[in-house]
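Descriptive analysis of the structure
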Amino acid sequence: GSRIYHLLKSNGTAVNALVRNATKARQVLGCMRCDSREGIFIGDVTQPQTLVPEAFERTGVIVIATGPDVSCDPYPQNCTCPKGACPVDVDWHGNKNLITAFALTSASSIGLGRVLMVSSDCTTYPGCSDPSPGHDPMTDPLNGHFKLDAEAFLMSSG
């Protein structure tokens, strides 16, 4: 997401960012206050109540570049993720929350907005994931199933 943010800013585009952590945003995005005055909004896609309408007002397009918090040792085996930050939480439920919040806000403020979702090649490439015994598809960072679910939700949203 930070690369997209910087590219748009460098092209003179007005950009808002939804981040989970203002301290990290300061380091990664280079914001000073890292608040709504700079177009930075604190929220968590897995917590719909944090997706405040102010973040989406007067926003005609959102770019979704979310990802789960998965650690593997060695990659891509023995993967774990904190509760609430697994692929199912972020890629499926979180993106569904984000798309819904944007749709509700943009429909009332500017009309229908557009959504660009950064996806994964593992949504369509069979065998991308590890099929070995004992493998947990819920924590697999290469499992594109949950991102594919979010894509289907987005396509069905109109």
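Everything in this summary refers to the structure shown in the same document. As the structure is a prediction and not an experimental result, all values here were calculated from the model. (Residues numbered from 1 in each chain as written. Predicted model: local features only at pLDDT ≥ 70, side-chain atom pairs only at ≥ 80, totals over all residues. Heavy atoms only, no water.)

A word on the side chain of Lys147. Topologically, Lys147 is positioned in helix H4 (residues 145–156). Looking at Lys147, the relative accessible area reads 7%, which means it is buried. Beyond its immediate sequence surroundings of up to four residues, Lys147 is in contact with Thr66, Asp91, Asn95, Met117, Val118, Ser119, Ser120 and Thr123. (Helix = DSSP H or I, 4+ residues; strand = E, 2+ residues; numbered from the N terminus. Buried < 20%, exposed > 50% of the residue type's maximum accessible area, 1.4 Å probe, protein only. Contact = heavy atoms within 4.5 Å.)

Turning our eyes to something else, we now look at the nonpolar core. Ranked by size, the top nonpolar core spans 18 residues in total, and within it Phe56, Ile62, Ile64, Leu98 and Met117 carry the most contacts. Listing elements by their share of this core, those giving two or more residues are strand S3 (61–64), helix H3 (87–109) and H4. Counting residues per element, this core draws most heavily on H3, at 7 residues. Filtering out sequence-adjacent residues up to four positions away, Leu98 remains in contact with Leu18, Val45, Leu51, Phe56, Ile62 and Ile64. (Core = buried A, V, L, I, M, F, W, Y, C linked by side-chain atoms within 4.5 Å.)

Attention now goes to the environment of Val45. Relative to the assigned elements, Val45 resides in the loop between strand S2 (40–42) and S3. In this structure Val45 comes out as buried when scored by relative accessible area, which is 11%. On a C-alpha basis, the gap between Val45 and Thr66 in space is 8.5 Å, while along the polypeptide they are 21 residues apart. Beyond its immediate stretch of four places on either side in the chain, Val45 contacts Leu18, Leu51, Thr66, Val90, His93, Gly94, Asn97 and Leu98.

Space inside the largest pocket adds up to approximately 1400 Å³. The wall of the largest pocket is formed by 43 residues, among which Gly1, Ala17, Leu18, Val19 and Val63 lie closest to the centre. Of the residues in the lining of the largest pocket, the class split is 24 nonpolar, 13 polar and 6 charged. What the second largest pocket holds in volume is close to 230 Å³. If you go around the second largest pocket, the residues you meet are Ile99, Thr100, Phe102, Ala103, Ser106, Leu112, Gly113, Val115, Phe153, Leu154, Ser157 and Gly158. For the lining of the second largest pocket, the elements supplying multiple residues, two or more each, are H3 and H4. Counted by class, the lining of the second largest pocket contains 7 nonpolar, 5 polar and no charged residues. (1 Å grid on protein atoms, 1.4 Å probe; cavity = no way out; pocket = protein on both sides within 12 Å on 5 of 7 lines; lining within 4 Å. Points joined across faces, edges and corners; volume = space filled by probe spheres on them. Nonpolar A, V, L, I, M, F, W, Y, C, P; charged D, E, K, R; others polar.)

A word on the environment of Lys24. Residue position: Lys24 is located in helix H2 (residues 22–29). Taking the C-alpha atoms as reference, Lys24 lies 9.6 Å from Cys34; in sequence the two are 10 residues apart.

Moving on, we come to the packing of aromatic side chains. According to the stated counting rule, one finds 2 aromatic pairs in the structure shown. Between the aromatic rings of Phe56 and Phe102, the centroid separation amounts to 6.0 Å while the plane-to-plane angle is 65°, which identifies the pairing as edge-to-face. Residue Phe56 is located in the loop between S2 and S3, and its partner Phe102 is located in helix H3; the two are separated by 46 residues in the primary sequence. Take Phe56 and Phe102: they sit in the same class, and that class is buried. An angle of 80° between the planes, with centres 6.3 Å apart, marks the rings of Trp92 and Phe153 as edge-to-face. (Phe/Tyr/Trp six-rings, centres within 6.5 Å; stacked < 30°, edge-to-face > 60°.)

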